[in-house]
Amino acid sequence: MTTDAKRELEIPRALTVRELATLVEETPVQMVKLLMSSGVMADVNKTIDYETAAIIAVDLGFDPQEAGEAPAEAKAPPPDEKLPAATDADDPSTLQPRPPVVALLGHVDHGKTSLLDAIREANVVATEAGGITQHIGAYQATVNDRLLTLLDTPGHEAFTQMRSRGAEATDIAVLVIAADDGVMPQTREAANHIRAAGVPLIVALNKIDLEAANLDRIKTQLTEAEIVIEEYGGDVPFAPVSAVTKEGLDGLLETILLVADLQNLQANPDRPADGVVLESGLDRRQGPRTTLLIKRGTLRVGDPLLVGETWGRIRAMFDFSGGPLKEATPSVPVAVLGIQGVAAAGQPFHVVESDRAARRLYERAKRQREDEQAKLERAVSLDTLFGEISRGDVQELNLVLKADVDGSIEPLRQSLEQLTNEEVHVKVIHAAAGAVSESDVTLALAARGMALAFNVGTEPGAQKLAAAEGVEIRRYDVIYELIEQIEAAISGMLEPVNVDVVNAHAEVLQVFSIRRIGNVAGARCDDGTIDSGLSLRVHRGGEEIASGQIRSLRRFQADAREVQAGQEFGVALTGFDDFQTGDQLEFFHTERQSRILKDGRVQVVPSQSA
Ligand code: GDP
């Protein structure tokens, strides 16, 4: 080997951008930029495959080789260690009754929150923590000495996604309908979600205290929506109620218990726990705070577990009133501390035998995901990002979105991406719960976009990097403000347009032939004011037949510069003289107008004349 031969470099089958940067002795930010210039969009923590890394290495003067050994973490775990599956059935003899998990769904303002509050007030026993209920996405109520778990999911239409996830952890769905309003679009939508999830349904007809309540009309509407109540020969229980006067509240709760009894809800409490994530967020001092709903087994402080795409060991556990818990059984919602990352709502969790097993299983699942992601990312970035930009017909607004709770992400992403129009493409390239990190900034930088922080802060390192590289981080606390400002940003990306503004209309009464000029139209101005600086369009039989600058404009009586409505005049047009009696003339000028995005539509605002 000679001294000027390329330096040999062993590159693993898969590695993070940061690892590659270290290997080739570049800064992580420089590496992100290099990847960008080869059409790969990846932040410093993204895993890329050998092929991608090798291209960069060659460019940097290396002679890359694929490493013979996969990295230590990617080694298969011992054969006895398996990813826990939710399908390993429990022996029937181990099953014991568990409380039903109930979700309230329905159209906005029909009273879901009021009903949840009414049930909480009447049926939640104050605990040692003082009975101050915390919002953890669920709470438990006692009815006739029996426990019910109520999911406290947000009901706004933007939260459709969360709601459908909510229904998955649900044993019984209560469809709330306001008696004065009846079946509405979101009522039907909710009913479809419930049907799709195969969950038993109860109709709670709320606001029966109101004068406008019309029970018969609503029963008919329900039948039309294919929700057939028992009274009409169907199997859907119907409970009239008022969250305000509490009339019918006990009846509704008893109906829920009856439906629960028919389902014979059971679980094995004597096994490692599993279940589903209800919510998760980041506590500034305590780290990730995750709400779990236990489906089977008993969850204990100290348990190691896999949670969605992260893992941890339970450091502390609380019930919905904030009281500390040592253990929790099936159908109990708990908030836990000690999870390493922020898990997504609706993801499963499983307790495993040891911290080491949890960590190893996590690493393995992560590698698998990232391998898939690495393949995916190469495809996506090449044809979408560069394709669109090079065609020049789409401008991109790339956004990295960070939010306080997982549940805010989907609605925000949807609202933002809906701002996309023919000219500006709004793309959320990364969205997650938690503060804006350095890797978020690099990603925004690489994509020439910006970072949005919804109700979260920015890590000091990220702040510095953003300032150094000129990446914009915008912080918002209110959704509509965020949307409005992004609309404004998009407005700044819209090119001004030339718009024709009509000044006057006229009708041709006769046609004169004038030597050296040709045919001139003798016309009468119907409305507006005409001057010689305007342009002219000629319409015949509803169609435009000519258009151009005024060549000459004459008033028959006086030699004025302007012609007013009602006055007769003669006009010649540049490049056209085939006028006929009855032609309609439209006089106009062109204005340059800026455009803004407002209420989801591109609108023009007059500025200067062209
Ligand atoms: P959500 O959007 O479904 O959660 O609806 P809310 O619980 O926020 O209720 C919407 C509005 O209806 C509020 O102004 C409530 O005070 C009112 N409301 C809720 N339940 C009742 C009820 O039983 N009777 C009356 N009269 N008003 C109610």
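Anything mentioned here points back to the structure above.
Residues numbered from 1 in each chain as written. Predicted model: local features only at pLDDT ≥ 70, side-chain atom pairs only at ≥ 80, totals over all residues. Heavy atoms only, no water.

Asker: Any chance you could explain the sheet that holds strand β13 (residues 274–283) here in plain terms?
Answerer: Two modes of strand pairing occur in sheets, parallel and antiparallel, and in both the strands are linked by backbone hydrogen bonds. Taking strand neighbours around the barrel as the criterion, the six strands line up as β13-β14-β19-β17-β16-β20 in a closed arrangement whose pairing is antiparallel. Strand-to-strand twist in this sheet, taken as the mean axis angle between neighbours without regard to direction, amounts to 45 degrees. Alignment of strand β17 (residues 310–318) against strand β19 (residues 333–339), held across four bridges, turns out to be antiparallel. Its bridge partner lying in β19, Phe318 is registered against Ala335. (Pairing = 2+ DSSP bridges. Helix = DSSP H or I, 4+ residues; strand = E, 2+ residues; numbered from the N terminus. Axes fitted to C-alpha atoms, helices over the stretch in contact; angles between N-to-C directions.)

Asker: Please explain the pairing of strand β7 (residues 138–143) as it appears in this structure.
Answerer: Both faces of the sheet carry side chains from a regular strand, because those side chains alternate between them. Most of β7 sits inside the fold, with five of its six residues counted as buried. Note that β7 and strand β8 (residues 146–151) share six bridges and pair antiparallel. Along β8, the bridge assignment pairs Gln140 with Thr149. In this antiparallel pair of consecutive strands, β7 and β8, the connection spans two residues, and Asn144 shows a positive phi of 50 degrees. (Buried < 20%, exposed > 50% of the residue type's maximum accessible area, 1.4 Å probe, protein only.)

Asker: Would you mind going over helix α11 (residues 438–446) with me for this structure?
Answerer: Since there are 3.6 residues in each turn of an α-helix, residues three or four apart along the chain are aligned in direction. The element α11 is largely enclosed, with a buried count of eight among its nine residues. Burial in α11 covers these residues: Ser439, Asp440, Val441, Thr442, Leu443, Ala444, Leu445 and Ala446. Taken together, the buried residues of α11 touch α2 (28–37), β21 (395–403), β22 (424–433), β23 (450–454), α12 (460–469) and β24 (473–476). Positive backbone phi, approximately 50 degrees, marks Arg448, located one or two places after α11. (Contact = heavy atoms within 4.5 Å.)

Asker: Help me understand helix α1 (residues 17–24) in this model?
Answerer: Among all positions of α1, only Val17, Leu20, Ala21 and Val24 are buried. Buried positions in α1, seen along its axis, are confined to an arc of 105 degrees and lie on one side of it. Turning to α1, the residues buried within the fold contact β1 (7–11), β2 (14–16), α2, β3 (47–49), α3 (50–59) and β4 (62–66). Phi turns positive one or two residues past the end of α1, at Glu25, with a value near 60 degrees. (Arc of directions from axis to C-beta.)

Asker: Please explain the pairing of β24 as it appears in this structure.
Answerer: The side-chain alternation of β24 yields one buried face, formed by Arg474 and Tyr476, and one unburied face, formed by Ile473 and Arg475. Taken together, the four bridges between β23 and β24 define a ladder with parallel strand orientation. Bridging across to β24, Ala453 finds its partner in Arg475. This β-α-β element, β23 to α12 to β24, shows right-handed connectivity. (Right-handed = clockwise from strand over helix to strand, strands pointing away.)

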